[in-house]
Amino acid sequence: MLNRLREFVRRRLHVRTLARWDAAAQKAERVDLSLLRQMRSQARQMRRRVDLVTHIADGRLTLPRIGSNAIRKPAQSDWAHRPEIWRGPISPVGMAAVENRTRIGNITTLYHDCTISELTLRQIRNTREGDLAPFGLRMDVFKFDGSFLSLVIDLPEDAVNGLRRNHILRMEAEVETEKPLEIFARLNIKYGPNVEQVVRELPLDGRETVVEFDLEHTKISEKRLERLWLDLIFEGPEMNEINLRDVTFSRRPRADF
């Protein structure tokens, strides 16, 4: 009963507030300028709070939901992961003139050797039907006078737990580019003082792309595994907009023959 009463009062107050601002809009053309300034100040204060509520509501109610970790993965997968950039909001949301070794969130770093940076990064909200990741990452590259551009993604500790040479590590990505370019994925596996590297080119013949790393062909020591990270390397990125709508990882044991 008390909750119903509170809801009734809130609705009545809301109706009265709307009526007040309707009346203010009708009077705005003819009131004294000093009063108009007060009305404008009050309206701006109200708008800031309304915009904030709308922003939070859009983030929480827009599909896919923030924090969603639905991942497409092959059968028999024993581990899957979506990095934080594509899973939840980061701060800052965007950056311009991005410098070398710029950290994006907690686990991703951008590397380049440009003399003058004309790179921008921005986290975007995915809203398309079929999107599984709540967020994407947009990179705009204008003039590019460097020799390399790479996005380094650190994989969590549990990626190493239980990892064996009979595993196949899989990366799935949704990539959109303004014009064609080559993108390579380089898996780095640190074991003891050594780092094993495996490189694959992303087949950008559709919106979704998959690369797999068969660890059977590496020389890693399972007992000395320390960490994994992946470099996304962009070849010839000048004057291009690159949207990484989603990036996920999974692993599965390879079939025995």
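Structure: see above.
As a starting point, this report considers the structure included with it. (Residues numbered from 1 in each chain as written. Predicted model: local features only at pLDDT ≥ 70, side-chain atom pairs only at ≥ 80, totals over all residues. Heavy atoms only, no water.)

1. Some remarks on the sheet that holds strand E7 (residues 149–154)
Neighbouring strands of a sheet are bound in pairs by backbone hydrogen bonds; such pairs are parallel or else antiparallel. Which entries qualify depends on this criterion: Pairing between two strands requires that DSSP report at least two bridges joining them. Only DSSP runs of H or I covering at least 4 residues are called helices, and only runs of E covering at least 2 are called strands; the numbering of each starts at the N terminus. A fitted line through C-alpha atoms serves as each axis, taken over the contacting stretch for helices, and the angle formed by two N-to-C directions is quoted from 0 to 180°.
Ordered by their spatial adjacency, 6 strands build an open sheet running E3-E4-E7-E12-E9-E10, and the pairing between neighbours is antiparallel. The open sheet has two free edges, formed respectively by strand E3 (102–104) and strand E10 (194–201), since each of these has just one partner strand. On average, each strand axis in the sheet is inclined to that of its neighbour by 25°, with strand direction left out of account. By the bridge criterion, 5 bridges tie E7 to strand E12 (residues 225–235) in an arrangement that is antiparallel. By the bridge assignment for E12, Ile153 is matched with Leu230.

2. Some details on the pairing of strand E13 (residues 240–253)
Convention followed: Any residue under 20% of the maximum accessible area for its type is buried, any over 50% is exposed, and the rest in between are partly exposed; the area is computed with a 1.4 Å probe on protein chains only.
Counting buried residues in E13 gives 12 out of 14 residues, a clear majority hidden from the surface. Across 3 bridges, the pairing between strand E1 (residues 79–81) and E13 is antiparallel. Bridge assignment links Ala80 to a residue of E13, and that residue is Ser250. Relative to E13, strand E8 (residues 167–177) runs antiparallel, the two being bridged by 11 bridges. Considered in E13, the bridge of Glu174 is made with Asp246.

3. Brief notes about the environment of Phe135
Checked against the element boundaries, Phe135 lands in strand E6 (residues 135–141). Sequence spacing of Phe135 and Trp86 is 49 residues, and the spatial spacing of their C-alpha atoms is 4.6 Å.

4. Considering a nonpolar patch on the surface
Applied cut-off: Nonpolar side chains (Val, Leu, Ile, Met, Phe, Trp, Tyr) within 5 Å and like charges within 9 Å form the patches, drawn only from residues with over 30% relative accessible area and no salt bridge. Reported accessibility uses the Shrake-Rupley method at a 1.4 Å probe radius. Residues are deemed covered only where the shown protein chains occlude them. In what follows, salt bridge is the name for a side-chain nitrogen of Lys or Arg lying within 4 Å of a carboxyl oxygen of Asp or Glu.
Residues Leu2, Leu5, Phe8, Val9 and Leu13 make up a contiguous nonpolar surface patch of about 470 Å² in total accessible area. Structurally, Leu2 is set in helix H1 (residues 2–27).

5. Focus on the pattern of salt bridges
One pass over the structure, following the stated rule, counts 13 salt bridges. Residue Arg138 is joined to Glu241 by a salt bridge in which the shortest nitrogen-to-oxygen separation is 4.0 Å. Of this pair, Arg138 sits in strand E6 while Glu241 sits in strand E13, and the two are 103 residues apart along the sequence. For Arg138, a relative accessible area of 26% puts it in the partly exposed group. Each of the salt bridges in this network shares a partner with another, and the network as a whole consists of Arg170, Glu172, Glu212 and Arg252.

6. Focus on the side chain of Asp214
Just so we agree on the cut-off: A 3.5 Å cut-off defines polar contacts: any pair of N or O atoms within that distance qualifies, except that in protein one atom must be a possible hydrogen donor and the other a possible acceptor, and neighbouring residues in sequence count only when both atoms are side-chain atoms.
For Asp214, the position within the fold is in strand E11 (residues 208–214). Reaching out from Asp214, the side chain makes a polar contact with the side chain of Arg254 at a distance of 3.2 Å.

7. Observations concerning unusual backbone geometry
Phi is positive for Ala97, close to 50°, though the residue is something other than glycine. Mapped onto the fold, Ala97 is located in the loop between strand E2 (94–96) and E3. One non-glycine residue, Arg101, lies in the positive phi region at around 65°.

8. Quick word on the packing of aromatic side chains
Convention followed: Pairs were defined over the aromatic rings of Phe, Tyr and Trp, the Trp ring being its six-membered one, requiring ring centres within 6.5 Å. Orientation was assigned from the angle between planes: stacked under 30 degrees, edge-to-face over 60, tilted for the rest. Definition used: whenever NZ (Lys) or CZ (Arg) falls within 6 Å of the ring centre and also within 35 degrees of the ring normal, the charge is taken to sit over that ring.
Summed over all chains, the structure comprises 0 aromatic pairs. In this structure, Arg20 is placed above the aromatic ring of Trp21, and the distance from its NZ or CZ to the ring centre is 5.2 Å. Between the NZ or CZ atom of Arg125 and the centre of the ring of Phe135, over which it lies, the distance is 5.3 Å.

9. Some words on the side chain of Asp231
Threshold: Residues count as neighbours in contact if any of their non-hydrogen atoms are within 4.5 Å of one another.
Summarising the element assignment, Asp231 is placed in strand E12. According to the relative accessible area criterion, Asp231 is buried, its value standing at 5%. Here Arg186 takes part through its side chain, which lies 2.6 Å from a polar atom of the side chain of Asp231. A polar contact of 3.3 Å, which involves the side chain of Asp231, links it to the side chain of Asn188. Contacts of Asp231, omitting those with residues within four sequence positions, involve Leu151, Val152, Phe184, Ala185, Arg186 and Asn188.

10. Regarding a positive patch on the surface
Stated precisely, the cut-off is as follows: Counted as positive: Lys and Arg. Counted as negative: Asp and Glu. His and the chain ends are not counted at all. The atoms used to mark charge sites are NZ of Lys, CZ of Arg, CG of Asp and CD of Glu.
A contiguous patch of positive charge, built from Arg37, Arg40, Arg44, Arg47, Arg48 and Arg49, is present on the exposed surface. You can see Arg49 is positioned in helix H2 (residues 33–61).

11. Notes on the nonpolar core
In plain terms, the rule: We call a set of buried Ala, Val, Leu, Ile, Met, Phe, Trp, Tyr and Cys residues a nonpolar core when their side-chain atoms join them within 4.5 Å.
Core analysis: the largest hydrophobic core is formed by 47 residues, its most contacted members being Leu110, Met171, Leu232 and Phe234. Contributions of two or more residues to this core are made by strand E5 (119–125), E6, E7, E8, strand E9 (182–191), E11, E12 and E13. For Leu110, the residues in contact, after removing those within four places along its chain, are Val98, Glu99, Asn100, Arg101, Thr102, Ile104, Leu119, Leu121, Met139, Leu149, Ser150 and Leu151.

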